[in-house]
Structure formats: structure tokens, C-alpha cells
Amino acid sequence: MGRGQGNKSESLSQHAEGRLAGYAVSEACSRGRLHKEPSPTYRGEFQRDRDRVIHCAAFRRLVYKTQVFVNHEGDLFRTRLTHSLEVAQIARSIARSLRLNEDLAEAIALAHDLGHTPFGHAGQDALNACMASYGGFEHNLQSLRVVDELELKYAEFPGLNLTFETREGILKHCSTKHARKLGEIGRRFIDRHQPSLEAQLTNLADEIAYNNHDVDDGLRAGLITIEQLRDITLFQEPYEAIKRRFAQLDGRRTVHEVVRRMINRLVVDLVETSRSRLELVAPADVEAVRTQPGPLITFSDEVRNANDQLKDFLRTALYRHFRVHRMSAKAKRVVEELFGAFMDDPRLLPTEHHQKVALLEQERGQAGRARVVADYIAGMTDRYALTEHDRILNPHGVS
Ligand code: MG
């Protein structure tokens, strides 16, 4: 990766990397950045990736984006920013326990949701439907687009010029159709290879984080109840243990105790199961990890089944709850109407997007125009999308 000889960053990185397992990603085995850059002075390369993510505009906007609940529903609910921080915390713990690269796991975790639309899944589905005849919209692909192209901050390159390994972790899923256009980063979806262990664990840290905070937020919002959750294995076991030991504990503290123990159970199981698999398979290096037939970071069968039961419950009881559906239906309309208005008249877009519309229209016609509109809408926060909708489509709206 073109590291400087004998400089401070090398000794710091070597110190941190000295304790890594042979199959972890290290700077020495990194495939590097698209645009060559001198090494950072006091940081490792993956720490630099993390810092670039934290300083980018898309990261700041995560504070006003949601997953299930629309942002203005209440100040106590998770946003995509707090979610990303929770994922980073869980991912770092797992990485450290398995002697994997903690800095890389952290960089992937903080960047993994950068491409999400406003209004969570509802916004993403709506934008994907709007883009159906123009190549579709995938949020993982959009996260990569944000870090590769859309963030314009650095003098010498577009995007954040992150390392291959951070980008690999961001692109969790991708259709083969899109993968073919992505070059090296899309290759594994065609070859059916695995990403690094750090990418695999961050993907599961994401799942651990959102299932558990959806339980917490769902209870707080009164959309699901403890009575319902008592039929769910992962919840029931810690709940009964706490009730036996702390009979007088109030509701919120009980819920917090249960959720914390659920997260702990999942993390411990993931670390222990993955550790045994890694010992058994003993991949020599990250390339041997990539050519495995399946991921090596996994839950045990028992915990995976319990986790699936929790996911099924959340899908039917929470995500399809009529109050969530009302928010989703409204969000879908806002996205569809904004998309339609900008497609009909791209001059409604702020001036800085006009040149890009002209350029992409020249290259790809309507699909080019649609991509600029999708990028603009995907970048919006929940409240900005509502304000734009009001400005553009409500005759009595704000000017
Ligand atoms: Mg996520």
C-alpha cells in the first residue's frame, strides 16, 4: 500500500497489527486505494478510512434518518447515526475477540448505512420502484456510490478514496447484473467468493444491533408488548432470569437488562462459534477466507434459529403494525411524488445538480436524469424530504 519507510504510522500500525491473526486483514495485505496517496502520519490506513467516513456529509445526515420510525416520532428512538455507532461498538468487540482488524471493522460499520434513503425501508422500496426502468436502486450499492463518487471533498479525487477492504465490507449485497459493472469490487458476487472476516462480522453486528434496538424502540413506542415477546426464546430466557432475581425492577430497566443480555448472548455465541470454525478450517490468510464456500463468521445453529424466530416476530408484529404502515405509506408517497416532480422538471433541483443532469442525460438519456434525481432524494434526511415535498408540491407550502 505504499507505506512510508520507518515513519511513525508504520510503527503504530505494526504495533496494532502485531496481534492480528494470520487470516485478518492487515495493511501489508491490503489491495490499497484506487488513487495512490502517501501514508497517514499518525494513523493506520483503516483508521484513516474511519476518520474520512466520520467527516463526510452523508455521515452527519444519518442523525436525521431512520430505519423503522420516522425521525420526528420522538427523540428517544434510534436514528441511523446511533445505529451505526452501535454496530461499530459490537463489531469492534467481535473483531478484537477474534484477533481480527478492529479498525477495519469500525470503518465498515460506520460507513455501512451511508447510502440509505430517508424513511428507512419504506423510502428505499419506493425509490427502487421509481428507478425500476432506470437500473433500480440498491442501498448497499448507493453506500458505495457515496464513498466512491458522491462525496466531493478532496482536491485530488472524487469520493473518499477508501481502501478496497472497507469498500468490500460496505458492498454487502449486490445483484450480479450490477456486480459486472463494478470491476474488482463486484468480482466476488460473480465468483461467489466471500468477503474478509471483518466484513462478515460487521454484517452480523448490524443484524444484532437492529433486531435488538427494534425490540427496545418497539416496546418504547408501545407497538409491541412484553407479553408478546415472552413467546420469543431469545427474550424469554433473560426476561425470566431477571424477574426471578429482581422482582421489583421497573419496566424500562427490565427491558434494558433483557436487551443487553440478548445482545451479549448473540455476541458470545458468534465469537465462540466462529472461533471454532476458524480453528477447524484454519485459513492461511485473507485470500483463503475469500475462496471458502461460505462465511466463517456464523452463529451456532441453536442461536441462529432463535434469532430467526425473533426476526419473524419483528416482521409481523412490528414492521407490519398499522402505525408503522401508516408512516411507511406516507413516506412512500413523499418519495414517489418528489421523484415524479424532479423527473418532469429537473430545473426544480438545486442549481448545483443541473450540470450533472445535463452530463448524465447526454450519456444515458432518461436513465441519467433518473440517477441524479435518485442520488438527490437518497441523500435527503427524513425532515428535509418532508420540507422539500412541502415546498414543491404543496401550493400553500413553505417557500
Ligand atoms: Mg444497518
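Procedures and definitions
- Residues numbered from 1 in each chain as written.
- Predicted model: local features only at pLDDT ≥ 70, side-chain atom pairs only at ≥ 80, totals over all residues.
- Heavy atoms only, no water.
- Salt bridge = Lys/Arg side-chain N within 4 Å of Asp/Glu carboxyl O.
- Helix = DSSP H or I, 4+ residues; strand = E, 2+ residues; numbered from the N terminus.
- Buried < 20%, exposed > 50% of the residue type's maximum accessible area, 1.4 Å probe, protein only.
- Core = buried A, V, L, I, M, F, W, Y, C linked by side-chain atoms within 4.5 Å.
- Contact = heavy atoms within 4.5 Å.
- Domains from an automatic or database assignment.
- Buried area = accessible area lost by both parts, 1.4 Å probe.
- Donors = N, O, S within 2.8 Å, 3.2 Å for Na, K, Ca; no water.

Asker: Explain the pattern of salt bridges to me, please; I cannot follow it from the model alone.
Answerer: As a working rule, side chains carrying opposite charge can pair if their charged atoms are close by. Counting across every chain of the model gives 38 salt bridges. The salt bridge partner of Glu-184 is Arg-31, with a shortest N-O separation of 3.2 Å. Within this pair, whereas Glu-184 is found in the loop between α9 (176–179) and α10 (187–191), its partner Arg-31 is found in the loop between α1 (8–17) and α2 (45–54), the two being separated by 153 residues in sequence. When the shortest N-O distance is used, the salt bridge between Arg-92 and Glu-102 registers 3.0 Å. With Arg-92 in helix α4 (residues 80–97) and Glu-102 in helix α5 (residues 102–111), the pair connects residues that are 10 residues apart, well separated along the chain. Arg-92 gets classed as partly exposed once you look at its relative accessible area, which sits at 32%. Given a relative accessible area of 15%, Glu-102 falls into the buried group. Salt bridges sharing partners connect three or more residues here, namely Arg-43, Arg-50, Asp-51, Arg-92, Arg-96, Glu-102 and Glu-106.

Asker: Can you help me understand the nonpolar core in this one?
Answerer: Grouped burial of nonpolar side chains is what soluble globular proteins tend to show. Residues Ile-94, Leu-100, Leu-114, Val-215 and Phe-235 are the most contacted members of the largest nonpolar core, which totals 77 residues. The greatest single-element share of this core, amounting to 9 residues, is contributed by helix α14 (residues 251–281). Once residues lying within four places of it in the same chain are set aside, the contact partners of Leu-100 are Leu-20, Tyr-23, Ala-24, Ala-95, Leu-197, Glu-198, Leu-201 and Ile-297. In this structure, Phe-342, Val-357, Val-373 and Ala-374 belong to the second largest nonpolar core, which totals 26 residues.

Asker: Before we go on, may I ask you to explain the domain arrangement of the chain in this structure?
Answerer: Each assigned domain of the chain is listed with its residue range as follows: domain 1 (3–323) and domain 2 (325–393). Placing the centre of domain 1 and that of domain 2 at their C-alpha centroids yields a distance of 28 Å. Across the contact, 31 residues belong to domain 1 and 27 residues belong to domain 2. When the buried surface of domain 1 facing domain 2 is broken down by residue, Tyr-64, Phe-119 and Tyr-134 rank first, second and third, together holding 25% of it. For the interface between domain 1 and domain 2, the tally reads 1 salt bridge.

Asker: Before we go on, may I ask you to explain the coordination of the magnesium ion in this structure?
Answerer: In a perfect tetrahedron of four donors around a metal, the angles come out at 109.5 degrees. In a perfect octahedron of six, they are 90 or 180 degrees. All of the protein donors around the magnesium ion are His-83 (NE2), His-112 (NE2), Asp-113 (OD) and Asp-206 (OD); their distances to the metal are 2.1 to 2.8 Å. Here the donor residues of the magnesium ion share one chain and are spaced in sequence as H-x28-H-D-x92-D. Of this pair, His-83 sits in helix α4 while His-112 sits in the loop between α5 and α6 (120–130), and the two are 29 residues apart along the sequence. Across this residue pair, the class does not change: His-83 and His-112 are buried.

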